[in-house]
Amino acid sequence: MKLDVYLTPDDLSEQLRVDAREGLTAKPKWLPPKWFYDAYGSDLFERITKLPEYYPTRAERAVLAAHAADIAHETGVKTLVELGSGSSDKTRLLLDAMHEEGTLARFVPLDVSETALRSAAKAIDSDYPELEVHGIVGDFSHDLDRIPGGGGRMIVFLGGTIGNLAPAERAAFLAEVRDVLGEGEWLLLGTDLVKDPQTLVAAYDDADGVTAEFNLNVLRVLNRSLGADFDLTAFEHVAVWDPRHSWIEMRLRALRDMTVEVPALELEVGFRAGEEIRTEISAKFDRHRVEAELAKAGFAAEHWWTDPQGRFAVTLARA
Ligand code: AVJ
């Protein structure tokens with residue numbers, strides 16, 4: 001297994017400093033969702049994917065189970081590039097189908113976490129001995145150009161994570177993905193779909209409070225990495241559906257006036273009671289929007305598949 005590292009722990013801590021300074025001094029305050037995923041946050045997300053209220057993972061897996069063979073057969077790809085560590089069983093559904101098809105030679109997972117990549121790549125290396133595994137430690141918004149070339153590639157971006165990007169960022173990202181790909185190569189894109197607000201909000205505000213803990217965890221990351229003194233009991237989890245933007249918004253609301261010290265940034269951050277930090281958007285799509293955004297980036301949407309209840313979609317698009 002080959003591993004290229006384009007993102008070191010020092011790079012990550014510098015990015016966190018920059019993001020924290022920008023977001024905590026902005027009006028309104030915000031933080032990028034990438035900082036949720038320290039070891040504890042990643043465990044919490046794994047737990048979220050199994051919650052009864054959080055349907056996206058199950059729904060997407062149902063689509064892939066039903067259509068992985070079609071995808072493998074129609075595309076005949078030689079290289080599967082996954083934006084994300086490839087640790088999920090959804091990846092296995094694709095690898096198995098492409099292995100069955102007999103065309104797949106190489107798997108290229110790209111993720112910010114070297115540890116997640118190493119453990120996933122090792123497992124895949126041993127389960128698919130003849131498959132070349134080439135991990136890339138990088139950020140999908142900066143390091144797409146590090147993806148190895150050669151035709152017959154498919155970039156896979158699952159989970160609905162593209163919904164974390166606001167429209168302008170999504171347009172730029174999809175254009176970059178298109179730039180990396182050659183004529184006739186493929187993008188497989190998972191997108192969560194618009195549905196009744198109660199179902200959407202419940203998926204981001206589960207009864208057991210796992211999502212609340214996941215959301216609060218970003219303050220733990222700031223405390224640990226920047227020496228901040230956020231009092232987690234002084235914030236509450238908020239998940240709201242924003243119909244205008246067609247996205248779920250997660251926020252942390254201050255329960256009282258307070259001042260938080262962030263010594264690593266030599267910053268004092270004031271909060272008024274009720275003030276909120278926006279910690280994530282998760283955009284929800286319909287077929288028209290997905291196909292329009294793909295077309296704008298230079299892709300032709302060839303297939304639109306959803307789970308039986310039509311909750312989540314996987315689109316196969318051709319560059
Ligand atoms: C991993 C970004 C797809 O937006 O649904 C889950 C993250 N946030 N619960 C999502 C998440 C709250 C998830 N993605």
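Computed from a predicted structure; not experimentally measured. (Residues numbered from 1 in each chain as written. Predicted model: local features only at pLDDT ≥ 70, side-chain atom pairs only at ≥ 80, totals over all residues. Heavy atoms only, no water.)

1. Comments concerning the overall build of the protein
- Summing up its helical and strand segments, the protein has 9 helices and 14 strands in all.
- Its C-alpha atoms give the protein a radius of gyration of 20 Å, within 12% of the compact-globule value 20 Å for 319 residues.
- Overall, the C-alpha framework of the protein stretches about 60 × 40 × 35 Å when taken along its three principal axes.
- In the protein, which comprises 319 residues, the share counted as buried stands at 52%.
- The contacts in the protein between residues at least 6 apart in sequence include a share of 72% that link residues at least 24 apart.
- Computed over 35 positive and 55 negative side-chain charges, the separation of the two mean positions in the protein equals 2 Å. (Helix = DSSP H or I, 4+ residues; strand = E, 2+ residues; numbered from the N terminus. Rg over C-alpha atoms; globule rule 2.2 N^0.38 Å. Buried < 20%, exposed > 50% of the residue type's maximum accessible area, 1.4 Å probe, protein only. Contact = heavy atoms within 4.5 Å. Lys, Arg positive; Asp, Glu negative; His and termini not counted. Charge placed at Lys NZ, Arg CZ, Asp CG, Glu CD.)

2. Re the confidence of the model for the protein
- Predicted confidence across the protein gives a mean pLDDT of 96, with 100% of residues reaching 70 or more.
- Both scores are available for the predicted complex, with the pTM at 0.97 and the ipTM at 0.99. (pLDDT = per-residue confidence, 0-100.)

3. Overview of the packing of helix 6 (residues 167–180) against helix 9 (residues 287–296)
- Packing of helix 6 against helix 9 leaves a shortest axis separation of 8 Å and a crossing angle of 55°. Classified by the angle between their axes, helix 6 and helix 9 sit oblique to one another. Pair helix 6 / helix 9 crosses with right-handed handedness. Along its contact with helix 6, which presents Arg170, Ala171 and Leu174, the element helix 9 presents Arg289, Glu293, Leu294 and Lys296.
- Class assignment of the residues belonging to the contact of helix 6 with helix 9 gives a composition of 3 nonpolar, no polar and 4 charged. (Axes fitted to C-alpha atoms, helices over the stretch in contact; angles between N-to-C directions. Parallel < 35°, antiparallel > 145°, perpendicular 65-115°, else oblique. Left-handed = near helix turned anticlockwise from the far one by under 90°. Nonpolar A, V, L, I, M, F, W, Y, C, P; charged D, E, K, R; others polar.)

4. Remarks on the environment of leucine 189
- As for its placement among the helices and strands, leucine 189 is situated in strand 7 (residues 186–192).
- Judged by relative accessible area, which is 4%, leucine 189 ranks as buried.
- Sequence separation of leucine 189 and valine 156 is 33 residues, and the distance between their C-alpha atoms is 6.1 Å.
- When sequence neighbours within four positions are dropped, the list of residues in contact with leucine 189 reads Phe157, Ile162, Leu294, Ala313, Val314 and Thr315.

5. Quick word on the UniProt feature "binding site: L-histidine" (unreviewed entry) in the protein
- Using the residue numbers shown here, the UniProt feature "binding site: L-histidine" (unreviewed entry) corresponds to Tyr54, Asn164, Tyr204, Glu280, Ile281 and Ser282.
- Tracing the sequence through the fold places asparagine 164 in the loop between strand 6 (153–157) and helix 6.
- With sequence-adjacent residues up to four places away left out, asparagine 164 is seen in contact with Pro33, Glu280, Ile281 and Ser282.
- Not counting residues within four places of it along the chain, the set of residues in contact with tyrosine 204 comprises Tyr54, Asp192, Thr211, His237, Ala239, Ile248, Met250, Glu280, Ser282 and Lys284. (UniProt positions renumbered as here; feature names shortened; annotations may be inferred.)

6. Let's talk about the packing of aromatic side chains
- Across all of its chains, the model carries 13 aromatic pairs by this definition.
- Taking the centre distance of 5.3 Å and the plane angle of 65° together, the rings of phenylalanine 140 and phenylalanine 173 count as edge-to-face. Separated by 33 residues along the polypeptide, phenylalanine 140 in the loop between strand 5 (132–137) and strand 6 and phenylalanine 173 in helix 6 bring together distant segments of the chain.
- A connected cluster of aromatic rings, assembled from ring pairs, spans Phe36, Tyr37, Phe45, Tyr54, Tyr204 and Phe214.
- Sitting above the plane of the phenylalanine 271 ring, lysine 29 keeps its charged end 4.6 Å from the centroid. (Phe/Tyr/Trp six-rings, centres within 6.5 Å; stacked < 30°, edge-to-face > 60°. Lys NZ or Arg CZ within 6 Å of the ring centre and 35° of its normal.)

7. Topic: the sheet that holds strand 1 (residues 2–5)
- The strand order 1-5-4-3-6-7-14-13 describes an open sheet built from 8 strands, whose pairing is mixed. With one partner strand each, in any of the chains shown, strand 1 and strand 13 (300–306) form the two edges of the open sheet. For this sheet the average axis-to-axis angle between neighbouring strands, irrespective of direction, equals 15°.
- Judged from the 5 bridges that link them, strand 3 (residues 79–83) and strand 4 (residues 106–111) form a sheet pairing that is parallel. Counted as the bridge partner of valine 81 is valine 108 from strand 4.
- Of the strands in this sheet, strand 3, strand 6 and strand 7 are in contact with helix 6, which crosses strand 6 at around 160°.
- Sheet strands in contact with helix 9 are strand 7, strand 13 and strand 14 (312–318), and its direction is about 150° off that of strand 13. (Pairing = 2+ DSSP bridges.)

8. Considering the UniProt feature "domain: Histidine-specific methyltransferase SAM-dependent" (unreviewed entry) in the protein
- When the UniProt feature table is mapped to this numbering, "domain: Histidine-specific methyltransferase SAM-dependent" (unreviewed entry) covers residues 18–318.
- As annotated, residues 18–318 has a helix share of 37% and a strand share of 26%, and its two end C-alpha atoms lie 36 Å apart.

9. Some points on the site of the ligand
- The local shell around the ligand holds 13 residues, among which Tyr54, Gly159, Tyr204, Glu280 and Ser282 are the closest.
- Within the side chain of tyrosine 54, a nitrogen or oxygen atom sits 2.6 Å from an oxygen atom of the ligand.
- The fraction of the free accessible surface of the ligand (350 Å²) that becomes covered by protein chains is 96%.
- Counting residues per element, the ones that place at least two in the shell around the ligand are helix 2 (39–48) and strand 12 (276–283).
- Classifying every residue of the shell around the ligand gives 7 nonpolar, 5 polar and 1 charged. (Near = heavy atom within 4 Å. Polar contact = N/O pair within 3.5 Å; in protein donor to acceptor, adjacent residues only side chain to side chain. Areas by Shrake-Rupley, 256 points an atom, 1.4 Å probe, with all protein chains shown as cover.)

10. Notes on the sheet that holds strand 9 (residues 247–254)
- Strand order in this open sheet of 4 strands is 2-12-9-8, and the pairing throughout is mixed. Each edge of the open sheet carries a strand with a single partner, namely strand 2 (29–30) and strand 8 (235–242).
- Both strand 9 and strand 12 contribute to a ladder of 7 bridges, which runs antiparallel. In the strand pairing of strand 12, arginine 253 is matched with glutamate 276.

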